[in-house]
Amino acid sequence: MKLENQLAVVTGASKGIGLATVQALLAAGCQVAGWSRSAVQLQHAHFKAYQVDVQDHTSVEKAYAATCKDFNKEVAILVNNAGLGFEEPLEDLPLEKWHTMFRTNVDGIFYCTRLVLPSMKKSGQGHIINISSVAGNTGIPKMTGYCATKYAVKGFSQALYKEVRKFGVKVTCIYPGSVQTHFFDDIPSVEVSDDMMQPEDIASTILHCLNSSDNYHHVDIEVRPLKGRG
């Protein structure tokens with residue numbers, strides 16, 4: 001896809017992978033809408049921030065309508081990055097934490113994706129990038145709820161790409177290993193270190209996928225730091 005002047009939406013845009021992706025897309029010439037619950041500390045002529053809670057379909061619908069109106073065009077790129085996780089033995093995991101993970105990591109992707117698909121299919125192009133996790137490919141003790149949501153993202157992505165590929169729309173699922181972000185603030189067993197990947201690393205992978213030729217499709221990409229833990 002030619003990225004210049006394309007409208008991209010990035011969820012979870014205020015920090016980490018989301019913010020790095022916003023900056024990479026702007027550098028590539030995209031116009032970018034950053035959707036997040038927290039304020040985005042970024043000023044750019046081709047960027048606009050929207051306060052959005054992806055757990056709430058009404059919030060997502062309002063943001064989508066405002067984005068298309070403000071930029072006067074349809075969304076060509078959607079990066080479903082917003083996500084969170086909690087570490088607890090299954091029997092100790094509070095119900096609200098379980099539901100919060102599913103509402104954010106799974107429902108949020110559904111709410112955002114369903115809105116952009118009609119115009120993408122009509123135009124014959126579009127790219128949806130879903131950020132899963134290595135936890136979407138393998139089980140992790142005390143992360144059962146999080147793994148369940150990320151396996152759901154994998155299934156969602158693999159089914160959807162087969163559904164929309166005939167319309168020229170791509171769906172890519174990325175499975176990062178440990179990235180040096182605030183995600184681990186709620187994961188006490190993991191010590192953040194410089195041996196982790198950086199948010200900019202994941203953003204570069206997203207840009208690589210978006211820059212591919214029309215008939216070349218990255219379906220699943222797993223990325224890990226070279227220096228593993230332990």
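Here the structure is shown first, and the text comes after it.
Starting afresh in each chain, residues are numbered from 1 along the sequence in its written order. Reporting in this predicted model follows two pLDDT cut-offs: at least 70 for local features of residues, and 80 or more for side-chain atom pairs to be given and counted; totals over whole chains, interfaces and linings ignore these cut-offs and use all residues. The side-chain quantities take in all heavy atoms of the structure and omit both hydrogens and water.

K.L.:
Just to check I follow, could you spell out the environment of Asn130 for this structure?
P.N.:
Relative to the elements of secondary structure, Asn130 occurs in strand E5 (residues 126–131). Think of it in three bands: residues with accessible area under 20% of the maximum for their type are buried, residues over 50% are exposed, and the middle band is partly exposed, with areas taken using a 1.4 Å probe on protein chains only. Residue Asn130 is classed as buried on the basis of its relative accessible area of 0%. C-alpha separation for the pair Asn130 and Asn105, spaced 25 residues apart in sequence, amounts to 10.0 Å. Helix and strand assignments come from DSSP, with helices taken as H or I runs of at least 4 residues and strands as E runs of at least 2, each series counted from the N terminus.

K.L.:
What is the right way to look at the environment of Ser157 in this model?
P.N.:
Looking at the element boundaries, Ser157 is found in helix H4 (residues 144–164). Not counting chain neighbours up to four residues away, the residues in contact with Ser157 comprise Asn130, Val171 and Cys173. Contact definition: two residues touch when any of their heavy atoms are within 4.5 Å.

K.L.:
Is there a simple way to think about the side chain of Ser36 in this case?
P.N.:
In this structure, Ser36 sits in strand E2 (residues 31–36). Its relative accessible area of 5% is what places Ser36 among the buried residues. Distance and chemistry together define a polar contact, namely a pair of N or O atoms within 3.5 Å, with one atom able to donate a hydrogen and the other to accept it when in protein, and with adjacent residues in sequence counting only for side-chain atoms on both sides. Side-chain polar atoms of Ser36 contact the backbone oxygen of Ser38, separated by 2.6 Å. Apart from residues no more than four positions distant in its own chain, Ser36 is found in contact with Gly12, Ala13, Ser14, Tyr50, Gln51 and Val52.

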